[in-house]
Amino acid sequence: MTVYRWVEHTGEVELEIEADSERQVFVDAMAALRELLSDGDDGQADATGAQLVERTISLAAEDRPRLLAAWLGELAFLAETQGLVPEALSVLRLGEGVIDANVCARVADPPHLIKAVTYHRLAFEAHGERWRARAVLDV
Amino acid sequence: MPAQLTRIDEVVWELPAAARADMRVPARVFADSELLDAIARDDSLEQLQNVATLPGIVEAAIAMPDIHQGYGFPVGTVAATALPDGVVSPGGVGYDINCGVRLLALPLSSAELGERKQQLVHELARAIPAGIGRGAGRALAGVDFDAVLVDGPRSLVGHEIATEDDVERTESGGRLAGADPGCVSKRARERGEPQLGTMGSGNHFVELQRVERVCDADGAGAFGIAEGQVTVLIHSGSRGLGHQVCSDYVAMMDAALGRHGIELPDRQLSCAPASSPDGRAYLAAMAAAANFAWANRQVIAHRVRLAVRKVIGAEAARTTRQVYDVVHNVAKLERYGRRELCVHRKGATRAFPAGSEEIPAAYRDVGQPVFIPGSMGTSSFVLAGREAAMQRSFGTVCHGAGRCLSRTAARKRVSGSELRRELEAAGITVRSPSNRGLAEEAPFAYKAVEKVVGVVERAGLANVVAELRPIGVVKG
């Protein structure tokens, strides 16, 4: 079972993820970003008929929290510069301090800007057999 | 409310340095009792105490009355570190480097604008790209991007996008010295270059206003604004370029904390001595992003003038005058007495008093103009800096109303379409690409700007010159 949720934050947007595996944390982070980048008062979008493209992402970082920040930052970069909203993953390989992924994305015009992924309260930790992560996004 | 919070005077509260073992200076808050209650409801005060731990910080970590929870620094903070050993913190400037507001005064009254208001708001929305910002969709022919990074709006004078008068009436002349495009990453350029002249999203806007009342005739006379006059307030920043510069240097300084022997309660406060190679590289990149931000607002102002020309006429566009451009996210090297300080203003505005050589000659008798936007649909205020600000807040005042509700909570209370109808019913023409974004910026999500400005005035930091009421808004 996986869960992500948005935590109340006066100024920005705080994302919390709890997942069965480290890999699933990254999958859920992408799903959360997809929701954030989608428009409409209900926060959802209809992808029917949208043009889909694939992008390869390879990132490295010194630890898991920074790798999560880099992952979210890369997806936000694709949204800002190419108007891409991530829809699915065809490949996701997670190694020691590295992530390689093929992201299937919808070509859209997301109106919501994610300026950056901050290091404030950034976390990625094991809790028993589950994993918990947190990131605050500047929006 | 923290037990050790002590009232110093009518509008100043303080947590002593002894409140926490890692604090180097007190944490000081400008607020009245009501605002303080709101401030104490989120993590603002804890974050302010974290700022008080920065190496080299002097006097106090100071919060303005619009303070709210942020990341690292709370939004609405001024913190000065003493050079050469004091630190510079990229997170203490924020991602939207040199975000600020610019006020333009049109040569007509709202009565003279009359029915053309709707058309003018429509043309402003057409002329100024908003939203996530995949570029302006129109090239700025012949503009040298490196020149923009080094010289800001001055680089646009020869392109008929800026005038000498615009540049003169901009904080720091629209240029921070020491900008080095070589310290700006390829990715930052890639994000920012196509966005020159775009508004962005979130709380950015271009607002059409009417001068509702003048409170200080001398100040208003010097600033060239009169009751009933139409003004345009532009709020935007350094777009993806600034966001990426901050991201790059937060990561770099976070990785180098051990090398500099710095321990912090929050990684987002990552920093380096301002005089170290890391610190100097950040300041050079930050200056480039700051110059880009001023140029960005300059291009937006140019596009406002194009809209004015189309709707009102060429002479009105030519005589649409820039009152001033002020900044609320930056770190500047400033001298106070014998000390040279790196003054971080994060959601806080410089407000130098009459007599300062840092402000345009035309305003030197009345003080630096400061613009405090309210929330959407509420008043904004024009202030003038006063001498007490130099003694009490490193020449700084607030930057806005300050959020008090999260975006999610705002969306739960009103939909974008409902809010749009309410604003239109109040006589405010609205253009926004996103209903969700509109709802997130609902007026009730912010503190009352009148109370925030009132605290600033009672503290003697600035005086109110005029109140501006919105009559149209183009939201990012």
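Note that the structure is a prediction, hence the values are computed from the model and not measured.

Engineer: Lay out the overall build of chain A with the relevant residues and their values.
Structural biologist: Helix and strand counts for chain A come out as two helices and eight strands. Taken over the C-alpha trace, chain A has a radius of gyration of 14 Å; the compact-globule value for 139 residues is 14 Å, and the two agree within 12%. Along the longest, intermediate and shortest principal axes, the C-alpha atoms of chain A span 40 × 35 × 25 Å. Counting every position in chain A, which comprises 139 residues, the buried fraction comes to 53%. The contacts of chain A with a sequence gap of at least 6 include a subset with a gap of at least 24, amounting to 64%. Computing the positive centroid from 13 side-chain charges and the negative centroid from 25, chain A places the two 3 Å apart.

Engineer: Provide a residue-level description of the packing of helix α4 (residues 116-127) of chain B against helix α10 (residues 277-311) of chain B, including the pertinent values.
Structural biologist: All names here are of chain B. At a minimum axis separation of 9 Å, α4 and α10 run at an interaxial angle of 140°. Here α4 lies oblique to α10, going by the angle between them. Crossing hand, α4 versus α10: right-handed. Facing Arg 116, Gln 119, Leu 120, Glu 123, Leu 124, Arg 126 and Ala 127 of α4, the residues of α10 in contact are Arg 303, Val 304, Ala 307, Val 308, Lys 310 and Val 311. Class assignment of the residues belonging to the contact of α4 with α10 gives a composition of seven nonpolar, one polar and five charged.

Engineer: So what about the packing of aromatic side chains? Which residues, and what values?
Structural biologist: In this structure the tally under the stated criterion is 10 aromatic pairs over all chains. Between Phe 145 of chain B and Phe 292 of chain B, the aromatic rings sit 5.7 Å apart at their centres with planes inclined by 70°, giving edge-to-face as the arrangement. Pair noted here: Phe 145 of chain B is in helix α5 (residues 145-151) and Phe 292 of chain B is in helix α10, with a separation of 147 residues, a long-range link. Across the pair, Phe 292 of chain B and Phe 145 of chain B agree in class, each one buried. Chaining the aromatic ring pairs together yields one cluster made of Phe 26, Trp 71, Phe 124 and Trp 131 of chain A. Directly above the ring of Phe 77 of chain A sits Arg 187 of chain B, whose terminal nitrogen or CZ lies 3.6 Å from the centroid. Positioned above the aromatic ring of Tyr 71 of chain B is the side chain of Lys 346 of chain B, whose terminal nitrogen or guanidinium carbon lies 4.3 Å from the ring centre.

How each quantity is defined
- Residues numbered from 1 in each chain as written.
- Chains lettered and ligands numbered in written order.
- Predicted model: local features only at pLDDT ≥ 70, side-chain atom pairs only at ≥ 80, totals over all residues.
- Heavy atoms only, no water.
- Helix = DSSP H or I, 4+ residues; strand = E, 2+ residues; numbered from the N terminus.
- Rg over C-alpha atoms; globule rule 2.2 N^0.38 Å.
- Buried < 20%, exposed > 50% of the residue type's maximum accessible area, 1.4 Å probe, protein only.
- Contact = heavy atoms within 4.5 Å.
- Lys, Arg positive; Asp, Glu negative; His and termini not counted.
- Charge placed at Lys NZ, Arg CZ, Asp CG, Glu CD.
- Axes fitted to C-alpha atoms, helices over the stretch in contact; angles between N-to-C directions.
- Parallel < 35°, antiparallel > 145°, perpendicular 65-115°, else oblique.
- Left-handed = near helix turned anticlockwise from the far one by under 90°.
- Nonpolar A, V, L, I, M, F, W, Y, C, P; charged D, E, K, R; others polar.
- Phe/Tyr/Trp six-rings, centres within 6.5 Å; stacked < 30°, edge-to-face > 60°.
- Lys NZ or Arg CZ within 6 Å of the ring centre and 35° of its normal.

So, to be careful, I would describe these as geometric facts and stop short of saying anything about function.
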